[in-house]
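Fold and geometry: a report
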Amino acid sequence: MSNSYRIVVLLSGSGTTLQSMIDTELPVKICAVISNKPDIMGLDRARDANIATHVLDHTNYTNREDFDRDLQKIIDQYQADLVVLAGFMRILSDGFVKHYKGKLINIHPSLLPKYKGMHTHQRVMDAGEPLHGSSVHFVNSELDGGPVLLQARLPVLPTDSLESLELRIKTKEHLIYPAAISWLAEGRIKLKRDGIHMDGKKMTGPVVMDYM
Ligand code: GRF
């Protein structure tokens, strides 16, 4: 398959999620990686893979809209089919989210709609949840609130520490995010007016991959 489907990845940190995309033979071209922070490992990973990088430092901006407008300009110069958030620690403005409707995805480390926001692993452990996971979702203007297309679900083990739980979740994220991106690139998944469609049929809920 030709890699004519173009993605741009946005990140703010270590970039293990980006690495999983680089290491998986995805039917896509990763055109660029954009970070809002300089000197992060995610940028090194991109450079090592010969992917164009951009740093757009949010501390140089006094308001979100101006930052998002410049971010949009960089993304659009690559004519991206899909914008992939991979640990991008910024809230995006309504205008930005609307501009990429159906073409902007995120991975959030919880079984959405449960545990939106930060520190999900700790909160899941504190609540004594038997199950935890991660969700790939389309981004809308509600934080971690867009339609979910794919989830990895796994048990919280009695022996789990915060670190072991986070590591087990990340390992599965590195499987499901590339899978979701492939489905989008192959045209199998589409966000329509009435929800997500897969293989031409409206989905009644996310695809759930169980790792029990
Ligand atoms: C992932 O765990 C993802 O769920 C969250 O941010 C993390 C990114 O990790 N959105 P990394 O920087 O890719 O290692």
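Residues numbered from 1 in each chain as written. Predicted model: local features only at pLDDT ≥ 70, side-chain atom pairs only at ≥ 80, totals over all residues. Heavy atoms only, no water.

**As for the side chain of S134**
Looking at where S134 falls in the secondary structure, it is placed in strand β6 (residues 131–138). Here the side chain of S134 touches H108 through a polar contact of 3.1 Å, landing on its backbone oxygen. The contacts of S134, once residues within four sequence positions are left out, are I107, H108, P109, S110, L111, L150, Q151, A152, I169, E173 and I176. (Helix = DSSP H or I, 4+ residues; strand = E, 2+ residues; numbered from the N terminus. Polar contact = N/O pair within 3.5 Å; in protein donor to acceptor, adjacent residues only side chain to side chain. Contact = heavy atoms within 4.5 Å.)

**Description of the site of the ligand**
Around the ligand, the neighbouring residues are G13, S14, G15, T16, T17, G87, I107, P109, K170 and E173. At 3.0 Å from an oxygen atom of the ligand is found a main-chain nitrogen or oxygen belonging to G15. Burial of the ligand by the protein amounts to 85% of the accessible area it has alone, namely 370 Å². Of all the secondary structure elements, the ones that give two or more residues to the shell around the ligand are α1 (16–23) and α6 (162–185). Within the shell around the ligand, the residues separate by chemical class into two nonpolar, six polar and two charged. (Near = heavy atom within 4 Å. Areas by Shrake-Rupley, 256 points an atom, 1.4 Å probe, with all protein chains shown as cover. Nonpolar A, V, L, I, M, F, W, Y, C, P; charged D, E, K, R; others polar.)

**Side note on the pattern of salt bridges**
This structure, assessed with the given rule, holds eight salt bridges. With a shortest N-O distance of 3.0 Å, D66 and R69 are connected by a salt bridge. Taken together, the residues D66 and R69, both in helix α3 (residues 64–76) and three residues apart, mark about one turn of the helix. As a salt-bridge pair, R153 and D210 come within 2.7 Å of each other at their nearest N and O atoms. Of the two residues, R153 sits in strand β7 (residues 148–155) while D210 sits in strand β11 (residues 207–210), which places them 57 residues apart along the sequence. What makes D210 partly exposed here is its relative accessible area of 40%. (Salt bridge = Lys/Arg side-chain N within 4 Å of Asp/Glu carboxyl O. Buried < 20%, exposed > 50% of the residue type's maximum accessible area, 1.4 Å probe, protein only.)

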